[in-house]
Amino acid sequence: MTVLEAALANDIYIPHLCFREGIEPFGGCRLCLVENTDGRLVTACETPVEDGAEFISESERINNIRRTVVSLLISEHSRDCLSCPSSGDCSLQEVSSYLNLTEDDLSRLRQDLPESEPDESNPFFIRNHDKCILCGLCVRVCRATGAEAIDFAYRGHDTRISTFMDRAITESSCVSCGECVEVCPVGALVSREEKPFTEVKTVCPYCGAGCGIYLGVRGDRVVSSRGDPDNPVNRGKLCVKGRFALKFVNSPERLKKPLIKVDGRFVEVEWDEALSTVAERLSEYSGEEFAAVASAKCTNEENYILQKFTRAVMLSGNIDHCARLCHAPSVRSLSMTLGSGAMTNSIAELEDSACILAVGTNPTETHPLTAYSVIRAIRSGAKLVVIDPRRTRISELADIHLQNRPGSDIPLIMAMCRFIIEEGLHDTEFIESRTENFDEFRDAVMALDLEEVESLTGVGVEDMRRAAITYASKKPASIIYSMGITQHAHGTDNVIALSNLALLTGNLGKPSAGINPLRGQNNVQGACDMGALPDLLPGYQTLDDSFRFSDKWGSTIPGPGMTLPEMFDAALEGRLRAMYIMGENPLLSEPETEKTRKALESLDFLVVQDIFMTETAELADVVLPACAWAEKDGTFTNTERRVQLIRKALDAPGEARTDWEIICMLAEKMGAEGFDYASSSEIFKEIAALVPSYAGISHERLQDGGIQWPCTSYEHGGTQYLHSERFSTPTGRASFLLPGYHVGEVSEEYPMVLVTGRNLYQYHTRSMTGRVPELDSFSDREELLINPLDAAKLGVEDGGTVLVKSEGGSLEVRARVSGDVMEGVVFMTFHFAETPANVLTGGDRDPVSGMPELKFTPVSIRPVE
Ligand SMILES: Nc1nc2c(c(=O)[nH]1)N[C@H]1C(S)=C(S)[C@@H](COP(=O)(O)OP(=O)(O)OC[C@H]3O[C@@H](n4cnc5c(=O)[nH]c(N)nc54)[C@H](O)[C@@H]3O)O[C@H]1N2
Ligand SMILES: Nc1nc2c(c(=O)[nH]1)N[C@H]1C(S)=C(S)[C@@H](COP(=O)(O)OP(=O)(O)OC[C@H]3O[C@@H](n4cnc5c(=O)[nH]c(N)nc54)[C@H](O)[C@@H]3O)O[C@H]1N2
Ligand code: SF4
Ligand code: SF4
Ligand code: SF4
Ligand SMILES: [Mo]
């Protein structure tokens, strides 16, 4: 602790401008001068406290110096406070008044300097150099995010905070996180958002990081958001979506009333009529003929209720959700190798890793707050190894970037295992005491043909060896991975390969190590935990072991059901006839769009429950309006198994109801018992009674902060990392398994590989981010990335339109020529309905997890006039 921190923590105010808790001190403003016992003046923000040390924080001498400092600042600070939006919330004003500088003093000190044009290019905030006091806080936080968009420029009197080449902020590497705006002590950086009347503590609804926020509300509108400093994931920080992209809830396009399709058009009806219709139609189907799709956007309580309804009322095992297209391979593989499919360690632990291996993941765009922890680690000396066919921000920050061909991770990772064994860097003690099946595994990797590996992966053997040695020789080392690994027709085997790597080096069951699938959606971990999976009951309890549930629910429990893609197959074949989709937009997010459309159209009856009229909802017979996350209480479980409360901040628009209430009303209409809950907290009690890893958690306990499962009793504090004593396999040991040896292949007709994924500013099918118009200024349409060499060969121009064609379909899209993708590979997102990437994808599926191939589609590209 520094003297300044100690003083502030003990309610002793020491004036300061360039210090902010949690940001490395800089000693720049020189206002926090204090006097030590030798009479020397030192900056309190840079002086560590020592036992017995004494300082004088306040004296005429010190305050005179402080007055001089502030006077100088003000003389350069040309504008008038009265017209400044930060007036009243400005540290310079605060410090001036503390030092008894009056308004008159201030205006006397001000020089009549020429005014410069503010930078208004960013839709979320305005930069105004004239008010800057050069405290450097913005530069330091921007660096911490990894964006490094701004820095001190010029010298002496001309010093200012500037982007590279002094361009507008939108033309820099800025990612619009707003961190700089949050810390700026004066009016030099101001948000364009309205100030809230009240703030409600809740959780961001976008990605699986699960950042804590204070949601700012005015009347029935969301107006702002700021990071919760007490949340252990984000510690006050946020990314652009969590800070600026939550106003979709205010959209006039929100669904407000139930809708029933009559002669091809939707008509508004009362709840009673809508529910009676659904109840009547659904009672015609049961078992196999019915399927439900749960939602990783909804709460644990809501997912629990939907799977209970599906199993206990509809007597169908057909319940699944987007995890199928996401981390289903992780759930499968890690259960087989380690006994649990979840992230083994916690986000903040990454900061103490000596090495981080990031495979097939783009966290600065998709998991920004997790990326901050990776960046903190590398700033304190950790090594970063990235395996990704694309150049990304995280690969630029890496010590080693292995740019492999898409779909070639298994040979690459197996070869890394071999080098580790060859170099004697494997952890024999861990292998002997905690694992099984090592010998077979070793024999297999030793038999690899390294020349073949090189040609399959496109990565040089020496680079692989270097990466392997780096990962294996730094302890503890963490693996993080996401869709580049799982979204393959061999996704399960990919995860097995990574699991072997962690086992080989003994990087499990200890802090800052592990194998960490970064779960994508805000509550995809929870939706899986709640049993919204066709083969597993809540808490991953198996269907052969269902007596607890049949007892509690008073019904028989159906056997395993269909996965999400299988549901669409079955609909096409007429085996599936009625479907209930809560909070998903499969028409755009499932592979093989045309097939999905036909499947949805061929159903007898389709209900969609959403907050907006999505492309999928357009095809429904009944559309039910749901509350968005800001309008309800409940829990989300983030990627690190942290169960956190979300809290109702405003009333729902029109007659929208919470997802759980809607399903409970429907169940009661259908005559079912056991759906008469008074609150989501009551539902949670039922969950805790049935799911051992949630047994010690309750809404009351979560008021003080999230708890990481397993948490088995009220005395249990939760679990930061898994497998510390034993693995959760039947034998207690982890297993080396042999992955199949797959690589993707292209054909003569379709010689290029299409990789699909995401960008920072848009989210999935844009049902939410599409209602935040400011985001369009960063990404308003698709851009297919293509390597300059391919572009030259094919005659594709930057900004020109190309036709992309695969076995499954074709689309036209604007091209962007970029060295970020390797030769032979093109990349696009699946965000835009106008250029629906999933028209192109499809085909193969992972036989074990049902994951469709989303990251490797052979395509042809040709320019169109
Ligand atoms: N802004 C934003 N954030 C999001 C989302 C969003 O839509 N928008 N969605 C959320 C969800 S649900 C998820 S699942 C996560 C996904 O988060 P990520 O997995 O990080 O996102 P993707 O862009 O799908 O793919 C990640 C990387 O995999 C690489 N890759 C592709 N093929 C291969 C391969 O064969 N091998 C290797 N090693 N790498 C490969 C791609 O080049 C890409 O950089 O993001 C979450 N966060
Ligand atoms: N080609 C390709 N396809 C992919 C992927 C890829 O990388 N490439 N990634 C896959 C992955 S990882 C994922 S996770 C999926 C995502 O696929 P989806 O889950 O289908 O995509 P979203 O757009 O997130 O859909 C969520 C829906 O929930 C609604 N919603 C939001 N909040 C609520 C609520 O509180 N209640 C209700 N009832 N509805 C709500 C939103 O309006 C939206 O319509 O896409 C998959 N598809
Ligand atoms: S908004 Fe974020 S990325 Fe942009 S300049 Fe500020 S801190 Fe840096
Ligand atoms: S813009 Fe604000 S935070 Fe940045 S140096 Fe100037 S006064 Fe400090
Ligand atoms: S990192 Fe994820 S959870 Fe955190 S603010 Fe951004 S989108 Fe929200
Ligand atoms: Mo996902």
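Keep in mind that this is a model prediction, so the values were computed, not measured. Along each chain, residues carry numbers from 1 onward, in the same order as the chain's sequence is written. Chain labels run from A onward and ligand labels from 1 onward, assigned in the order the entries are written. Selection of residues for local features in this predicted model requires a pLDDT of at least 70, selection of side-chain atom pairs for listing and counting requires 80 or more, and totals for whole chains, interfaces and linings are taken over all residues. Computation of side-chain values: all heavy atoms of the structure, hydrogens and water removed.

### As for the site of ligand 4
Inference 1: Residues in contact with ligand 4, as listed here, are C132, I133, L134, C135, G136, C138, I161, C184, P185, V186, A188 and L189.
Inference 2: Under the grouping applied here, Gly and all other residues not named as nonpolar or charged are polar, the nonpolar ones being Ala, Val, Leu, Ile, Met, Phe, Trp, Tyr, Cys and Pro and the charged ones Asp, Glu, Lys and Arg. Split into classes, the residues belonging to the shell around ligand 4 amount to 11 nonpolar, 1 polar and no charged. Definition of nearness: a residue and a molecule or strand are near each other if at least one heavy atom of the residue lies within 4 Å of the molecule or strand.

### Topic: the side chain of S482
Inference 1: Comment: elements are numbered from the N terminus, with helices defined as DSSP H or I runs of at least four residues and strands as E runs of at least two. Tracing the backbone through its elements, the reader meets S482 in the loop between β19 (477-481) and α19 (483-486).
Inference 2: Summary of the burial criterion: residues with accessible area below 20% of their type's maximum are buried, those above 50% are exposed, and those between are partly exposed, where the area comes from a 1.4 Å probe applied to protein chains only. On the basis of relative accessible area, S482 is assigned to the buried category, the value being 10%.
Inference 3: A distance of 2.7 Å separates polar atoms of two side chains, one belonging to S482 and the other to T361. Any pair of nitrogen or oxygen atoms within 3.5 Å is treated as a polar contact; in protein, a donor-acceptor pairing is required on top of that, and neighbouring residues in sequence qualify only through side-chain atoms on both sides.

### Here's the deal with the UniProt feature "domain: 4Fe-4S Mo/W bis-MGD-type" (unreviewed entry) in the protein chain
Inference 1: UniProt positions are given in the numbering used here, feature names are shortened, and annotations may be inferred rather than shown by experiment. UniProt marks residues 197-253 with the feature "domain: 4Fe-4S Mo/W bis-MGD-type" (unreviewed entry), using the numbering shown here.
Inference 2: Taken end to end, residues 197-253 is 9% helix and 35% strand, and its two terminal C-alpha atoms sit 24 Å from one another.

### Focus on the sheet that holds β19
Inference 1: By definition, two strands form a pair when at least two bridges between them are found by DSSP. One open sheet holds the 5 strands; their spatial order is β17-β16-β15-β19-β20, and the pairing between them is parallel. Every other strand in the sheet has two partners, leaving β17 (400-402) and β20 (515-517) as the edge strands with one partner each. Along the sheet, successive strands turn relative to each other by an average axial angle of 15°, direction set aside.
Inference 2: Along the sheet, helix α18 (residues 461-473) makes contact with β15 (355-359), β16 (383-387), β17 and β19, crossing β17 at roughly 130°. Interaxial angle, 0 to 180 degrees, is taken between N-to-C directions of lines fitted to C-alpha atoms, where a helix line uses only the stretch in contact. What makes two residues a contact is simply this: any of their non-hydrogen atoms within 4.5 Å.

### Here's the deal with the site of ligand 1
Inference 1: The local shell around ligand 1 holds 33 residues, among which T366, G407, D409, S482 and R758 are the closest.
Inference 2: At a separation of 2.9 Å, an oxygen atom of ligand 1 approaches a polar side-chain atom of H488.
Inference 3: Between a nitrogen atom of ligand 1 and a main-chain N or O atom of Q762, the distance comes to 2.7 Å.
Inference 4: For accessible areas, the Shrake-Rupley method is used with a probe of radius 1.4 Å. Any residue's cover is judged against the shown protein chains and nothing else. When the free accessible area of ligand 1 is taken as 920 Å², the share hidden by the protein chains comes to 99%.
Inference 5: Contributing elements (two or more residues each) for the shell around ligand 1: α11 (363-366), α19 and β30 (752-757).
Inference 6: Both domain 4 (339-517) and domain 5 (752-863) contribute no fewer than three residues apiece to the shell around ligand 1. The split into domains, and so the bounds of each, comes from an automatic or database assignment of domains.

### Quick look at the packing of aromatic side chains
Inference 1: Aromatic contacts are taken between Phe, Tyr and Trp rings whose centres are within 6.5 Å, Trp giving its six-membered ring; a plane angle under 30 degrees counts as stacked, one over 60 as edge-to-face, and the others as tilted. According to the stated counting rule, one finds 18 aromatic pairs in the structure shown.
Inference 2: Pairing F430 with F727 gives two aromatic rings, centres 6.4 Å apart and planes at 85°, and the pair type is edge-to-face. Placement of the pair is F430 in helix α15 (residues 428-434) and F727 in the loop between β28 (707-708) and β29 (734-735), with a sequence separation of 297 residues.
Inference 3: Seen in terms of ring centroids, F684 and Y694 are 6.1 Å apart; in terms of plane orientation they differ by 50°. Their pairing is tilted. Residue F684 is located in helix α27 (residues 680-690), and its partner Y694 is located in the loop between α27 and α28 (699-702); the two are separated by 10 residues in the primary sequence.
Inference 4: What links up through ring pairs into an aromatic cluster is the set F124, F244, Y761 and F778.
Inference 5: Sitting over the face of the ring of F675, K308 holds its NZ or CZ atom 5.0 Å from the ring centroid. Either the NZ atom of lysine or the CZ atom of arginine qualifies as a charge over a ring when it sits within 6 Å of the ring centre and within 35 degrees of the ring normal.

### So, the environment of C138
Inference 1: On the secondary structure map, C138 appears in helix α5 (residues 137-145).
Inference 2: A C-alpha to C-alpha distance of 8.5 Å links C138 and D151, two positions 13 residues apart in sequence.
Inference 3: Excluding its chain neighbours within four sequence positions, the residues that come into contact with C138 are I150, I161, C180, V183 and L189.

### Some points on the sheet that holds strand β8 (residues 198-203)
Inference 1: Read from one edge of the open sheet, 3 strands run β8-β9-β10, paired in antiparallel fashion. In this open sheet, the two edge strands, each paired with only one partner strand, are β8 and β10 (221-227). On average, adjacent strands in this sheet sit at an angle of 30° to one another, irrespective of strand direction.
Inference 2: Pairing of β8 with strand β9 (residues 212-218), which is carried by 6 bridges, proceeds in the antiparallel orientation.

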